Amino acid sequence: MDINFLLKDNKAIFLAYDHGLEHGPSDFLTKETANPEYILNLAYEAGFQGVIFQKGVAEKFYTPEWKSKIPLILKLNGKTKWQNDEPYSPAVCSPEYAKELGASAVGYTLYPGSNREAEMFKEFGQIAQKARELEMPIIAWVYPRSKKITNEESPEVVQYAARIALELGADMAKIKYSGSKESFQRAVEVANPVKVVLSGGSKVSEEDFLQIVKDVMEAGATGLAVGRNVWQADNPFEISKKIYNIVFGSKQ
Ligand code: FBP
């Protein structure tokens, strides 16, 4: 499957929900949002193009019924928040298993700059090759991270991240916001033809977040793959509608 099959009008909003592993349950501010069923329902009702889970959540919640309603992007690697200085995030499952779980695409986080960069680049290469054989698109979360990198959201670092996705053979790059529309536009340009989606980051005010969404879409992004700014909002359904209207330029 080509990545374009996951898009609607060449755009996409994916609901990221792998935070239980990456940050722990403290990210889930309410009882509802700790429940993957709530997230599936939100993604479906709000018109998202896919939901992002780790394998354990997919095994327990991504039933054949959900498969018929919303695509799954399976995150193949992951780590905890305690591994952040020179991070290494090895695969916890394979593209073959992702396919068995019903995933339409796979995701893998790279931490360029980390002392463990070489291991991740090697594994990403092997996984991307396997994903291609299985006709599953691969989305690279590219988060340069190391004691050597002081600001992982600087334009230079984000643009470099976008280009790494192209160099290493990803179909889509998920990158942080670089602080301005202009600098993000450059990130989109240097990744081309790899599609770029915004990684949301920690929760900010609704107004600020919607402005970032506008900026990245005007900068040529394909869309978003966000979590906290949606499901930590006071009303996740309401903010999802607003995001949808900006990304697709129309009412849902
Ligand atoms: P958010 O929109 O909530 O930032 O989610 C995007 C994401 O990449 C998640 O998929 C992942 O769990 C998290 O951010 C990792 O964030 P970080 O490594 O920056 O703490």
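Residues numbered from 1 in each chain as written. Predicted model: local features only at pLDDT ≥ 70, side-chain atom pairs only at ≥ 80, totals over all residues. Heavy atoms only, no water.

A. Here's a closer look at the pattern of salt bridges. Going through the model one piece at a time under the given rule, you end up with 15 salt bridges. For Asp171, the salt bridge identified is with Arg132, shortest N-O distance 3.5 Å. On the criterion of sequence distance, the pair formed by Asp171 in the loop between α7 (155–167) and β6 (172–175) and Arg132 in helix α6 (residues 117–133) is long-range, its members being 39 residues apart. Judged by relative accessible area, Asp171 falls into the buried class, the value being 19%. For Glu218, the salt bridge goes to Lys181, with nearest N and O atoms at 2.5 Å. (Salt bridge = Lys/Arg side-chain N within 4 Å of Asp/Glu carboxyl O. Helix = DSSP H or I, 4+ residues; strand = E, 2+ residues; numbered from the N terminus. Buried < 20%, exposed > 50% of the residue type's maximum accessible area, 1.4 Å probe, protein only.)

B. Region of the structure containing the site of the ligand. Around the ligand, 16 residues are found, and the nearest of them are Asp18, His23, Tyr143, Lys176 and Gly201. Between an oxygen atom of the ligand and a side-chain N or O atom of His19, the distance comes to 2.8 Å. Within the contact set of the ligand, an oxygen atom lies 2.8 Å away from a backbone nitrogen or oxygen of Gly227. Notes on the ligand: free accessible area 470 Å², of which the protein chains cover 93%. Under a 2 Å grid-point criterion requiring more than half of the atoms, the pocket assigned to the ligand is the largest pocket. Here the shell around the ligand is built from residues that sort into four nonpolar, six polar and six charged. (Near = heavy atom within 4 Å. Polar contact = N/O pair within 3.5 Å; in protein donor to acceptor, adjacent residues only side chain to side chain. Areas by Shrake-Rupley, 256 points an atom, 1.4 Å probe, with all protein chains shown as cover. 1 Å grid on protein atoms, 1.4 Å probe; cavity = no way out; pocket = protein on both sides within 12 Å on 5 of 7 lines; lining within 4 Å. Sits in = over half its atoms within 2 Å of the grid points. Nonpolar A, V, L, I, M, F, W, Y, C, P; charged D, E, K, R; others polar.)

C. Region of interest: the sheet that holds β6. Overall, parallel pairing links the eight strands, which are arranged β1-β2-β3-β4-β5-β6-β7-β8 in a closed barrel. Going across the sheet, the axis of each strand differs from the next one's by a mean of 25°, ignoring polarity. Summarising the sheet, strand β7 (residues 195–199) and strand β8 (residues 223–226) pair through three bridges and their orientation is parallel. Within β8, the residue paired with Leu198 across the bridge is Leu224. (Pairing = 2+ DSSP bridges. Axes fitted to C-alpha atoms, helices over the stretch in contact; angles between N-to-C directions.)

D. How the structure looks around the nonpolar core. Residues Phe184 and Ile243 are the most contacted members of the largest nonpolar core, which totals 87 residues. A per-element tally of this core places helix α9 (residues 206–218) first, with six residues. Among all residues touching Phe184, those that are not within four sequence positions of it are Ile175, Lys176, Tyr177, Ser178, Val196, Leu198, Val216, Ala219 and Ala221. (Core = buried A, V, L, I, M, F, W, Y, C linked by side-chain atoms within 4.5 Å. Contact = heavy atoms within 4.5 Å.)

E. Main features of empty space enclosed by the protein. One pass over the full model with this rule turns up one cavity of 30 Å³ or more. In this structure, the largest cavity occupies an estimated 40 Å³ of space. Every residue along the wall of the largest cavity is listed here: Val142, Tyr143, Pro144, Glu152, Val157, Val158, Ala161, Ile175 and Lys176. When residues in the lining of the largest cavity are grouped by element, the largest group, three residues, is from α7. Taken together, the residues that form the lining of the largest cavity break down as seven nonpolar, no polar and two charged. (Points joined across faces, edges and corners; volume = space filled by probe spheres on them.)

F. Representation of the packing of aromatic side chains in the model. The tally for this structure, following the rule as stated, stands at nine aromatic pairs. Ring centres of Tyr38 and Phe237 lie 6.0 Å apart, and the angle between their planes is 85°; on these two criteria the pair is classed as edge-to-face. One end of the pair, Tyr38, is in helix α2 (residues 36–45); the other, Phe237, is in helix α11 (residues 236–248), and 199 residues separate them in sequence. Seen from their ring centres, Tyr108 and Phe124 are 5.6 Å apart, and the 65° between their planes marks the pair as edge-to-face. Placement of Tyr108 in strand β4 (residues 105–110) and of Phe124 in helix α6 is noted, with a sequence separation of 16 residues between them. For Phe124, a relative accessible area of 0% gives the class buried. A connected cluster of aromatic rings, assembled from ring pairs, spans Tyr17, Phe28, Phe53 and Trp231. Sitting above the plane of the Phe248 ring, Lys8 keeps its charged end 5.5 Å from the centroid. (Phe/Tyr/Trp six-rings, centres within 6.5 Å; stacked < 30°, edge-to-face > 60°. Lys NZ or Arg CZ within 6 Å of the ring centre and 35° of its normal.)

G. Spatial organisation of the environment of Lys195. For Lys195, the location among the structural elements is in strand β7. In this structure, the C-alpha to C-alpha distance between Lys195 and Gly220, residues 25 residues apart in sequence, is 9.2 Å.

H. Here's a closer look at the layout of surface pockets. When its volume is computed, the largest pocket comes out at roughly 560 Å³. Taken together, 31 residues make up the lining of the largest pocket; nearest its centre are Tyr143, Lys176, Ser199, Gly201 and Arg228. Of all the elements in the fold, those that place two or more residues in the lining of the largest pocket are α1 (19–22), α9, β8 and α10 (228–231). When its residues are assigned to classes, the lining of the largest pocket shows ten nonpolar, ten polar and eleven charged.

Scope: geometric values only; no functional claims are made or implied.
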